[in-house]
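# Examining the three-dimensional arrangement
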Amino acid sequence: MTAKLADKYGPWGVVAGGSDGVGAAFAHRIAAAGINVVLVARRVPVLEACADEIRAEHGVDVRTVALDLSASDAVARLVDATADVEVGLFVYNAGADDISVPFLDKDVDTHLSLVRRNCGAVLEAAYRFGGPMVERERGGVVLVTSGAAWAGGASLAAYGATKAFDLVLAESLWAEWRGHNVDVLSLVLGMTDTPSLRRTLAAKGDAAPDGIATPDDVAETALRHLGDGPTWIHGAGDPTGPSPLGALPRRDAVLAMSRSWAEE
Ligand SMILES: NC(=O)c1ccc[n+]([C@@H]2O[C@H](COP(=O)([O-])OP(=O)(O)OC[C@H]3O[C@@H](n4cnc5c(N)ncnc54)[C@H](OP(=O)(O)O)[C@@H]3O)[C@@H](O)[C@H]2O)c1
């Protein structure tokens, strides 16, 4: 996979949300393939520590861009910071919800900020980075989404809706760009052992269960299957198969989603 990735997509990759968890694992895997990486995140010490580690381990160029992806000028700033390099691989990873509560228990600005980071910025980044890939007929895009996208569910309203947006956006771009040699993958994750998940569970007094997916396994599998879009359901028996709730009437799917979240 290693040499092939650099030949196919190089010379630069961007990971939005690339300083820990799944994003850092993507960045390591991309760098290990000899592709230089741009890492985006808010917390500068975590971002710089991750960048230093990648430089030391893989010897590629690493650029850091500290910004909040929910800000309205975030993608414009990222485009500026990468204007002098050819970005052939783009991963939009940032997207978790820090706390799942009923819709009205969060203030509306928090919901709107999530929508900007998980929808507006994803769309703008896909447009700004995907456009040049289509033009040069070479590239790869991964949009990370979630099983929360399969149906609505209590305490998942804004998060699930944004993840459904990402899933449909990636699938649509796959359909449009497949004839242009640009691979697009909608990467659907279940529970994955990241710092963000651990913080969310700790806030509820819970710990990460044993046996859940690891960030490195997610990143390795997704990069290996980047050409197998439109959708990869990580950990499913049939990762390119149907939605696990697809056979249910919508009402039953929504109730099942609500129950599964409440039980976690
Ligand atoms: N972990 C799971 O169990 C799970 C399950 C299903 C789906 N997913 C999906 O997998 C993806 C990764 O999840 P994750 O658990 O690793 O947590 P995450 O918080 O989505 O991602 C962590 C990375 O994103 C950065 N980030 C978060 N918000 C940002 C913002 N507003 N602006 C810039 N950077 C930001 C973080 O750095 P800073 O905090 O320093 O900004 C860090 O680098 C998400 O799209 C999530 O929806 C995760």
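Just so it is clear, the model here is predicted, and its values are computed rather than measured.

### A word on the packing of aromatic side chains
In the structure shown here, the tally under the stated rule is two aromatic pairs. Consider the rings of Phe90 and Tyr92, whose centres lie 6.4 Å apart with planes at 45 degrees: the pair is tilted. According to the relative accessible area criterion, Phe90 is buried, its value standing at 1%. Residue Tyr92 is classed as buried on the basis of its relative accessible area of 2%.

### Quick notes on helix α4 (residues 74-81)
Since there are 3.6 residues in each turn of an α-helix, residues three or four apart along the chain are aligned in direction. All buried positions along α4 are accounted for by Ala74, Val75 and Leu78. Considered in projection along α4, the buried side chains sweep an arc of 90 degrees and stay on one side of the axis. Tucked inside the fold, the buried residues of α4 contact β1 (12-16), β2 (36-41), β3 (62-66), β4 (87-92) and α5 (108-136).

### A few points about the environment of Ser100
Within the element layout of this structure, Ser100 appears in the loop between β4 and α5. In the structure, Ser100 is positioned 106 residues away from Asp206 in sequence and 14 Å away in space, judged by C-alpha atoms. Once you skip the residues sitting within four places of it in the chain, Ser100 turns out to touch Ser155, Leu156 and Trp261.

### Brief notes about the site of the ligand
Neighbouring residues of the ligand: 28 residues in total, closest Ser19, Arg42, Asn93, Tyr159 and Thr194. In the model, an oxygen atom of the ligand is placed 2.7 Å from a nitrogen or oxygen of the Gly95 main chain. Relative to its unbound accessible surface of 840 Å², the ligand loses 95% to contact with the protein. Elements that contribute at least two residues to the shell around the ligand include exactly β5 (139-146), α6 (157-177) and α7 (195-203). Among the elements that line the shell around the ligand, the one with the most residues is β5, at three residues. Tallied by class, residues from the shell around the ligand come to 11 nonpolar, 11 polar and six charged.

### Focus: the sheet that holds strand β7 (residues 231-233)
Within the open sheet, the seven strands sit side by side as β3-β2-β1-β4-β5-β6-β7. Their pairing is parallel. With one partner strand each, in any of the chains shown, β3 and β7 form the two edges of the open sheet. In this sheet, adjacent strand axes meet at a mean angle of 15 degrees when their direction is disregarded. The strands that helix α3 (residues 44-58) touches are β2 and β3; relative to β3, the one it contacts most, it runs at about 170 degrees.

### Quick notes on the layout of surface pockets
Taken as a whole, the second largest pocket spans an internal volume of roughly 170 Å³. Lining the second largest pocket we find 12 residues, and of these Lys4, Lys8, Tyr9, Leu223 and Arg224 sit closest to its centre. When residues of the lining of the second largest pocket are traced back to their parent elements, those giving at least two are α1 (2-9) and α8 (215-224). Split into classes, the residues belonging to the lining of the second largest pocket amount to five nonpolar, two polar and five charged.

Rules used in this analysis
Residues numbered from 1 in each chain as written. Predicted model: local features only at pLDDT ≥ 70, side-chain atom pairs only at ≥ 80, totals over all residues. Heavy atoms only, no water. Phe/Tyr/Trp six-rings, centres within 6.5 Å; stacked < 30°, edge-to-face > 60°. Buried < 20%, exposed > 50% of the residue type's maximum accessible area, 1.4 Å probe, protein only. Helix = DSSP H or I, 4+ residues; strand = E, 2+ residues; numbered from the N terminus. Arc of directions from axis to C-beta. Contact = heavy atoms within 4.5 Å. Near = heavy atom within 4 Å. Polar contact = N/O pair within 3.5 Å; in protein donor to acceptor, adjacent residues only side chain to side chain. Areas by Shrake-Rupley, 256 points an atom, 1.4 Å probe, with all protein chains shown as cover. Nonpolar A, V, L, I, M, F, W, Y, C, P; charged D, E, K, R; others polar. Pairing = 2+ DSSP bridges. Axes fitted to C-alpha atoms, helices over the stretch in contact; angles between N-to-C directions. 1 Å grid on protein atoms, 1.4 Å probe; cavity = no way out; pocket = protein on both sides within 12 Å on 5 of 7 lines; lining within 4 Å. Points joined across faces, edges and corners; volume = space filled by probe spheres on them.

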